[in-house]
Amino acid sequence: MAQPEASATITVFTQGHGMRYWLMKAEPEELGIADLAALPTQTVGWCGVRNYQARNFMRDQMQQGDRALFYHSGVKEPGVAGIVEVCSSPYPDPTQFDPKSHYYDPKSKPEAPRWQQVDVRYIKRTRYLPLSAMRAEPDLEGMLLLVRGNRLSITPVEPAHWRAVMRLLGEAP
DNA sequence: GCCAACGTTGGC
DNA sequence: GCCAACGTTGGC
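Here the structure is a predicted model, which is why all the values come from computation and not from measurement. (Residues numbered from 1 in each chain as written. Chains lettered and ligands numbered in written order. Predicted model: local features only at pLDDT ≥ 70, side-chain atom pairs only at ≥ 80, totals over all residues. Heavy atoms only, no water.)

Enquirer: I tried to follow the overall build of chain A on my own but got confused; where do I start?
Expert: Looking only at helices and strands, one finds four helices and eight strands in chain A. Expected size for 173 residues packed as a compact globule is a radius of gyration near 16 Å; at 16 Å, chain A falls within 12% of this value. In terms of overall dimensions, chain A has C-alpha extents of about 45 × 35 × 35 Å along its principal axes. In chain A, once contacts between residues fewer than 6 apart in sequence are set aside, the share between residues at least 24 apart is 72%. Accessible surface for chain A amounts to roughly 9200 Å². Of this, 50% is attributable to carbon and sulfur atoms. (Helix = DSSP H or I, 4+ residues; strand = E, 2+ residues; numbered from the N terminus. Rg over C-alpha atoms; globule rule 2.2 N^0.38 Å. Contact = heavy atoms within 4.5 Å. Areas by Shrake-Rupley, 256 points an atom, 1.4 Å probe, with all protein chains shown as cover.)

Enquirer: How should I be thinking about the pairing of strand 4 (residues 79–86) in this particular structure?
Expert: Every regular strand shows the same layout, with side chains that alternate between the two sheet faces. Within strand 4, eight of the eight residues are buried, which leaves the element mostly enclosed by the surrounding structure. Pairing between strand 3 (residues 67–72) and strand 4: six bridges, direction antiparallel. What sits directly across from Ala 68, in strand 4, is Val 84. Between strand 3 and the antiparallel strand that follows it, strand 4, lie six residues; Gly 74 among them carries a positive phi value of about 70 degrees. Where strand 4 meets strand 7 (residues 119–130), seven bridges bridge the pair, whose relative direction is antiparallel. Each bridged residue has a counterpart across the sheet, and for Ile 83 the counterpart in strand 7 is Lys 124. (Buried < 20%, exposed > 50% of the residue type's maximum accessible area, 1.4 Å probe, protein only. Pairing = 2+ DSSP bridges.)

Enquirer: Just checking my understanding: could you explain the protein's contact with DNA strand B for this structure?
Expert: Around DNA strand B, the structure places seven residues, and the nearest of them are Tyr 52, Lys 107, Arg 148, Gly 149 and Arg 151. For DNA strand B, the fraction of protein-proximal atoms (within 4 Å) that sit in sugar or phosphate groups is 80%. When the residues that make up the surface near DNA strand B are grouped by side-chain class, the tally is one nonpolar, three polar and three charged. (Near = heavy atom within 4 Å. Nonpolar A, V, L, I, M, F, W, Y, C, P; charged D, E, K, R; others polar.)

Enquirer: Whenever I open this one, the packing of aromatic side chains confuses me. Can you help?
Expert: The geometry of an aromatic ring pair is captured by two quantities: the separation of the ring centres and the angle between the planes. According to the stated counting rule, one finds four aromatic pairs in the structure shown. Consider the rings of Trp 22 and Phe 57, whose centres lie 5.5 Å apart with planes at 55 degrees: the pair is tilted. Residue Trp 22 is located in strand 1 (residues 21–26), and its partner Phe 57 is located in helix 2 (residues 52–61); the two are separated by 35 residues in the primary sequence. The same class applies to Trp 22 and to Phe 57, which are both buried. (Phe/Tyr/Trp six-rings, centres within 6.5 Å; stacked < 30°, edge-to-face > 60°.)

Enquirer: Could you clarify how one ought to interpret the sheet that holds strand 3 in this entry?
Expert: Strand pairing within a sheet occurs via backbone hydrogen bonds; the two strands may be parallel or antiparallel. One open sheet accounts for six strands, arranged 2-7-4-3-1-8; its pairing is mixed. Both edges of this open sheet fall to strand 2 (43–45) and strand 8 (154–156), since each of them pairs with a single strand only. In this sheet, adjacent strand axes meet at a mean angle of 35 degrees when their direction is disregarded. Strand direction decides the pairing type here: strand 2 and strand 7, joined by three bridges, are antiparallel. Of the residues in strand 7, the one forming a bridge with Val 44 is Val 120. (Axes fitted to C-alpha atoms, helices over the stretch in contact; angles between N-to-C directions.)

Enquirer: Got a minute to help me understand the pairing of strand 3 in this structure?
Expert: Burial analysis of strand 3 places five of its six residues in the buried class, the great majority of the element. Across six bridges, strand 1 lies against strand 3 in parallel orientation. Paired with Lys 25 across the strands is Tyr 71, a residue of strand 3.

Enquirer: For this particular structure, what's the right way to read helix 2?
Expert: Given 3.6 residues per turn, any residue in an α-helix points the same way as the ones three and four places further on. Across the 10 residues that make up helix 2, a large majority, seven, are buried. Among all positions of helix 2, only Tyr 52, Gln 53, Ala 54, Arg 55, Asn 56, Phe 57 and Met 58 are buried. Of the residues flanking the start of helix 2, the one acting as N-cap is Asn 51, its side-chain oxygen 3.0 Å from the backbone nitrogen of Gln 53. (Polar contact = N/O pair within 3.5 Å; in protein donor to acceptor, adjacent residues only side chain to side chain.)

Encoded structure:
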C-alpha cells in the first residue's frame, strides 16, 4: 500500500551550514522537560508520532545536531519549556510493534515499519514561554505553530522565528 | 467538556 | 478515486 504524502508543502528552512530548527510537542504528563533532564542519559527516543507529515520531517529532513524547541502541549498553559537537540538518525519506532503500547499500530510490520523516530538530547530548560505570549509577538507572525488549524506535533521553524523565540526566552541565538 | 480543524478509513 | 463518516488533536 502506498503511503500518503503530505497534502501541503511546508518549506524546511535551512541556514548556510545546513542546521535546521524545529518545534516538537510533548505532553508533559508523558514527557516534560524536567523528566527529560532527569533521565540518566538525558536522551529519549521521540516515539509515538503517528502523522505522516511529522514522520516525514524526522525521516527526511532532520539531521543530527538540529535544534528544537521543546513544547508542552495538552496543558492549561501550553508553551515552550526548553531546547533539545536531534542526536540520532531516524530509525523505526519500537512502540508501533508493541501490542501493550498506546502507540501500537497493528498494520505496521517489522519488515516494513511505518513509523520512525529520532533520539533527542536535553540541552536546557528555558524560561517558560506561553503560547499566548507567542501569539502576541509580532515577530512570530506566520510561525507554523501559530497558524490556525495546524496540529502537527513536529514543525520546522524559520531561522527568523527561532531568533525571535531565543530573544523572548532570553537565550543567545 | 466543547468543538474546530483536519487526517484516516472504507464503501462504493 | 471520491467522499461521508469517524477519530484525533489540542487550544479554549
